[in-house]
Amino acid sequence: MLIRADGNNRFMRTLRCSSALRWALLVGLPFGLHPAIAGQQPEEAKANSVLAEARKALGGEDKLAAVKKLQVNGTTKRANGNFNLQGDTEIFFELPDKFRRNESLVIGGANAIERKEILNGAEFSTEVSGDFGGRGRGRFGGGFPGAGGGAGAGADGRAGGTPSPETQERLREFQRRNLQSEVSRLLIALLLTSDTPFGWIGTAQAPEGSADVLEVKTPDGVATRVFIDTTTHMPLMLSWTGPAGRGFVRGGQGRGGQGAPDQAAAPAEGQGRAAGDQPPAGGAPADGQGRRGRGAQGPPVSLEMHLAEYKALNGVKFPHLITRGVSGETNEEWVIKSYKINPNLKANTFTK
């Protein structure tokens, strides 16, 4: 269960005795995951069979395929170091590659952060504004062609060094790939859809039962495992590897945009880096790090997204509680209040 502290609604990053935690812990152990062996059903055929049952449990192929757009509204609680944030989150999808997230979060009941994140094909944008830990209000970000962002100036207005064009391009590519991977995992979690094929890895065992484990690669090249309950056929969780630090995200850049890549802005979404995937050259920070020189990332750990409280909308079941964490320790809770299937979206929804 989630443990909360005092009346100030501080969010404690603790998860205990949940089925999802036991899956996460067991899968990392040799006796917790029984892999496919010679003579068993081939990986691809088994994966397709598991997917078919899971998609049927969620509402059926036809109903899931009919979801072309999706709007999700809810409240978020997120812990990040000494900061505890909570507020509203609104997400829009237009399959296959359009995404927008609007967040309005409050730190400690006083300081507000507004965050806007957009992906439109290969172009993306992140903008953050607000009072960053009492250091004064600021705004920065970057994005689509023609968008500026004040390179080298952060939320507190202090100037910094300007990376070379080559470093900026590497950073933009790194950030774009991370955001695409975040969107990919969300679509897998909500609709069990992916541009890349699923493979069957084996069966995970826990005291509560068993789960088929599928594996699929996201745009960052990281293998993401999807746990499907063998009895109900419902998705239970996603797990992948990345650095433990969740840090702060800098203003993101898209093609042609400039931003403030070396400044702290808003909490990251738990996006991991593939093992061996190096940050851009030239000293630019990687996802999950703060200013240059702040603590180095540790070895890759297990990052998790747990799915619960399914409810049906127009015959499609969606999770209404999504928690995220690192190695069994929860640091984010997303309570979803509503879904809208194929809503009428404004023409500028996925533009800066």
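Check the entry above for the structure.
Criteria and cut-off values
- Residues numbered from 1 in each chain as written.
- Predicted model: local features only at pLDDT ≥ 70, side-chain atom pairs only at ≥ 80, totals over all residues.
- Heavy atoms only, no water.
- Helix = DSSP H or I, 4+ residues; strand = E, 2+ residues; numbered from the N terminus.
- Contact = heavy atoms within 4.5 Å.
- Areas by Shrake-Rupley, 256 points an atom, 1.4 Å probe, with all protein chains shown as cover.
- Core = buried A, V, L, I, M, F, W, Y, C linked by side-chain atoms within 4.5 Å.
- Buried < 20%, exposed > 50% of the residue type's maximum accessible area, 1.4 Å probe, protein only.
- Phe/Tyr/Trp six-rings, centres within 6.5 Å; stacked < 30°, edge-to-face > 60°.
- Lys NZ or Arg CZ within 6 Å of the ring centre and 35° of its normal.
- Expected span 1.5 Å × (residues − 1).
- Arc of directions from axis to C-beta.
- Salt bridge = Lys/Arg side-chain N within 4 Å of Asp/Glu carboxyl O.
- Polar contact = N/O pair within 3.5 Å; in protein donor to acceptor, adjacent residues only side chain to side chain.
- Pairing = 2+ DSSP bridges.

(A) Main features of the overall build of the protein. Scanning the protein from N- to C-terminus turns up four helices and 18 strands. For the protein, long-range pairs separated by at least 24 residues make up 58% of all intrachain contacts whose partners lie at least 6 apart in sequence. Counting every atom, the protein has about 15,100 Å² of accessible surface; 51% of that belongs to carbon and sulfur.

(B) Focus on the nonpolar core. Among the nonpolar cores identified, the biggest contains 45 residues, and Phe93 and Leu214 are the most heavily contacted of them. The dominant element in this core, judged by the number of residues it contributes, is helix H4 (residues 165-191), at eight residues. Every residue in contact with leucine 214, bar those within four places of it in the chain, is listed here: Ala47, Val50, Leu51, Phe198, Gly199, Trp200, Ile201, Thr224, Arg225, Val226 and Ile228. In terms of nonpolar packing, the next biggest core, distinct from the first, is built from seven residues, Ala211, Val213, Leu236 and Met237 among them.

(C) The packing of aromatic side chains, seen in detail. A full pass over the atoms with the stated rule returns two aromatic pairs. With 5.4 Å between their ring centres and 55° between their planes, phenylalanine 93 and phenylalanine 99 make a pair best called tilted. Look at phenylalanine 318 and tyrosine 339: their rings are 4.4 Å apart centre to centre, the planes differ by 20°, and that puts the pair in the stacked class. Of this pair, phenylalanine 318 sits in strand S17 (residues 316-326) while tyrosine 339 sits in strand S18 (residues 329-341), placing them 21 residues apart in sequence. Exposure remark for tyrosine 339: the relative accessible area of 8% places this residue in the buried category. In this arrangement the basic side chain of lysine 46 is found over the ring face of tryptophan 200, its NZ or CZ atom lying 5.3 Å from the centre.

(D) A look at helix H2 (residues 43-58). The terminal C-alpha atoms of H2 lie 22 Å apart, and with 16 residues this matches the ideal 22 Å at 1.5 Å per residue to within 8%. Regarding H2, the residues found buried are Ala47, Val50, Leu51, Ala54, Arg55, Ala57 and Leu58. Along H2, the residues classed as buried sweep out an arc of 150° about the axis, all on the same side.

(E) Examining the pattern of salt bridges more closely. Taken as a whole, this structure holds 14 salt bridges when the rule is applied. Note that glutamate 182 is salt-bridged to arginine 324, the shortest N-O span being 3.0 Å. Here glutamate 182, found in helix H4, pairs with arginine 324, found in strand S17; they are 142 residues apart in sequence, far enough to count as distant. Look at glutamate 182 and you get buried, because its relative accessible area is 0%. Several salt bridges converge on common partners, so that one network encompasses Arg78, Arg101, Glu103, Arg115, Glu117, Glu182, Arg324 and Glu332.

(F) Highlighting unusual backbone geometry. Between leucine 95 and proline 96 the backbone carries a cis peptide bond, its omega angle lying at 10°. Its location among the elements puts proline 96 in the loop between strand S5 (83-94) and strand S6 (98-107). Located in the positive-phi region is histidine 233, a residue other than glycine, with phi close to 65°. If you trace the backbone, histidine 233 turns up in the loop between strand S12 (223-229) and strand S13 (235-242).

(G) Spatial organisation of the side chain of aspartate 220. Structurally, the position occupied by aspartate 220 is in the loop between strand S11 (209-217) and S12. One polar contact links the side chain of aspartate 220 to the main-chain amide nitrogen of valine 222, over a distance of 3.0 Å.

(H) Quick look at the pairing of strand S10 (residues 199-206). Of all eight residues in S10, seven are buried, a share of seventy percent or more. Relative to S11, S10 is paired through seven bridges, and the arrangement is antiparallel. Within S11, the position partnered with glycine 199 by the bridge is glutamate 215. The turn joining S10 and S11, which pair antiparallel and follow one another in sequence, is formed by two residues.

(I) How the structure looks around H4. Here H4 is 27 residues long and its end C-alpha atoms lie 38 Å apart, about the 39 Å a rise of 1.5 Å per residue gives. With respect to burial, H4 is a largely interior element, 22 of its 27 residues being buried. Downstream of H4 by a residue or two, leucine 192 has a phi angle that is positive, lying close to 50°.

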